[in-house]
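Spelled out, the chains give:
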Amino acid sequence: MPSVTFMGTGGPRRDPHRRATSLLLRSGQEEVLIDSGRGALLGLGEARANIAGLRRILLTHHHFDHIGDLYDVILNSWLEGRRHPLLIEGPPGTKGIVDALLNHVYDRDLTWRSLGEPAHGGWAPVEVREICAGEATSGAGWRATAHEMSHGHGLPTLTPAFLSRWFCHGYRFEVAGRVFAFTGDTVDCPGLRKLAAGADVLAICCYAASSELTSEHFRVLARHTLACGDTVGKIATACGVKQLVLTHHKPRPDDAWQAALLEEVARDFSGPLSLATDGFEVAF
Ligand SMILES: [Zn+2]
């Protein structure tokens, strides 16, 4: 049965209880890494993934809590024995980021290890394919379609010049006739409705409960940047989602928020509902 492990369920800010976003989809024939935020490599280890066998990474967008440890996965999959190409797919801009990591930031490290530790067999290649919303990709036993999300696009202070190079995807996976949809980061938008329609499992960012939106900063965030407890259940119900998983949680000092968030979302969504923690696994 296909499954997804939520290896990181936090956001960009330091959270002692959560890594940043990364998920591992298991199709039954292949393991696919979705995003590679802080702690992704450690998450792969805990999930007992075959790191040397990793062939594919899908990136939702280029915030650092989704790509910060991409270098760690690229380099350690090689050190652990990867000899085949690792294909990284993501929105436009992904090529420049991977190029900067391999040919600038870690250029000396890669050359040092290739020449100084030849037992590794020389550098194993990394390939990049940029995909646009509406495009699909596939692998062993899975297919995924990218959908356009709205993640800050409505903020009045983001300029048109910046927004022309800011792309955020959600991915709708089809595996053995079942659908797992992952929003990445977004608020409600037409792309999210298409992504989620009839999904067996929808994993949606849900930064906070309404009762936690206590400042203008958080109210703007809930309107334009990350969905919160007031909308995620309504979206899931309107889209006919069968099971809902909430992730990308705000850091909090204790767990008192959990009951408030679950109660708020359950008012709008009557199906199975989970608050993902690091290591949480859902079969679909
Ligand atoms: Zn983001």
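Relevant structure appears above.
Presented here is an overview of the structure given in this document. The model shown is predicted, which means the values in this text are computed figures rather than measured ones.

### A look at the overall build of the protein chain
Point 1. Scanning the protein chain from terminus to terminus reveals ten helices and 14 strands.
Point 2. For 284 residues, the compact-globule estimate of 2.2 N^0.38 gives 19 Å, and the protein chain sits close to it at 19 Å.
Point 3. Viewed in the frame of its principal axes, the protein chain has a C-alpha envelope of about 60 × 45 × 40 Å.
Point 4. Counting the 284 residues in the protein chain, one finds 44% classified as buried.
Point 5. In the protein chain, 66% of the contacts between residues at least 6 apart in sequence involve partners at least 24 apart.

### Things to note about the sheet that holds strand β6 (residues 126-130)
Point 1. Reading across the sheet, the seven strands line up as β6-β5-β4-β3-β2-β1-β14 and stay open at both edges, with mixed pairing between neighbours. The sheet terminates laterally at β6 and β14 (280-283), the two strands that pair on one side only. The average angle at which neighbouring strand axes cross in this sheet is 20°, direction not considered.
Point 2. In this sheet, strand β3 (residues 31-34) lies alongside strand β2 (residues 22-26) in antiparallel orientation, the contact comprising four bridges. What sits directly across from Leu-23, in β3, is Ile-34.
Point 3. Helix α4 (residues 94-105) contacts β5 (86-90) and β6 of the sheet and is inclined by roughly 160° relative to β6.

### Remarks on the sheet that holds strand β7 (residues 136-139)
Sheets are built from strands paired through backbone hydrogen bonds, the pairs being either parallel or antiparallel.
Point 1. Spatial strand order, β7-β8-β9-β10-β11-β12-β13: seven strands in an open sheet with mixed pairing. Edge strands, defined here as strands with exactly one partner in the open sheet, are β7 and β13 (273-275). This sheet shows a mean twist of 20° between the axes of neighbouring strands, independent of strand direction.
Point 2. Of the strand pairs in this sheet, strand β11 (residues 201-205) and strand β12 (residues 244-247) are connected by four bridges, and their pairing is parallel. When the sheet's bridge partners are listed, Ala-203 is paired in β12 with Val-245.
Point 3. Helix-sheet contacts for helix α10 (residues 257-266) involve β12 and β13, and the interaxial angle to β13 is about 150°.

### Quick word on the pairing of strand β8 (residues 142-148)
Along any regular strand, the residues point their side chains to alternate faces of the sheet.
Point 1. Counting buried positions over the seven residues of β8 gives six, a clear majority of the element.
Point 2. Across four bridges, the pairing between β7 and β8 is antiparallel. Across the sheet, Ala-136 pairs through a bridge with Thr-145, a residue of β8.
Point 3. Counting the residues between successive antiparallel strands, the hairpin from β7 to β8 contains two residues, one of them, Gly-141, with a positive phi of roughly 85°.
Point 4. Where β8 and strand β9 (residues 169-175) come together, six bridges link them in antiparallel fashion. Looking at β9, one finds that Ala-144 is bridged to Phe-173.

### Some remarks on the environment of Leu-33
Point 1. Note that Leu-33 resides in strand β3.
Point 2. A C-alpha to C-alpha distance of 31 Å links Leu-33 and Pro-160, two positions 127 residues apart in sequence.
Point 3. Excluding its chain neighbours within four sequence positions, the residues that come into contact with Leu-33 are Ser-22, Leu-24, Ala-40, Leu-54, Ile-57 and Val-73.

### Describing unusual backbone geometry
Point 1. The backbone of Arg-48 sits at a positive phi, close to 55°, despite the residue not being glycine.
Point 2. For Arg-48, the position within the fold is in the loop between α1 (40-46) and β4 (56-58).

### Re the environment of Glu-281
Point 1. With respect to the helices and strands, Glu-281 occurs in strand β14.
Point 2. For the pair Glu-281 and Met-7, spaced 274 residues apart in the sequence, the C-alpha separation amounts to 8.7 Å.
Point 3. Apart from residues no more than four positions distant in its own chain, Glu-281 is found in contact with Ser-3 and Thr-5.

### Some thoughts on the environment of Ser-114
Point 1. Structurally, the position occupied by Ser-114 is in helix α5 (residues 107-116).
Point 2. Remark: the alpha-carbon pair of Ser-114 and Ala-124, spanning ten residues in sequence, is separated by 9.5 Å.
Point 3. Those residues in contact with Ser-114 that sit more than four places away from it in its chain are Gly-122 and Trp-123.

What counts, and where the lines are drawn
Residues numbered from 1 in each chain as written. Predicted model: local features only at pLDDT ≥ 70, side-chain atom pairs only at ≥ 80, totals over all residues. Helix = DSSP H or I, 4+ residues; strand = E, 2+ residues; numbered from the N terminus. Rg over C-alpha atoms; globule rule 2.2 N^0.38 Å. Buried ≥ 20, exposed ≤ 12 C-beta atoms within 10 Å, placed from the backbone. Contact = placed C-beta atoms within 7 Å. Pairing = 2+ DSSP bridges. Axes fitted to C-alpha atoms, helices over the stretch in contact; angles between N-to-C directions.

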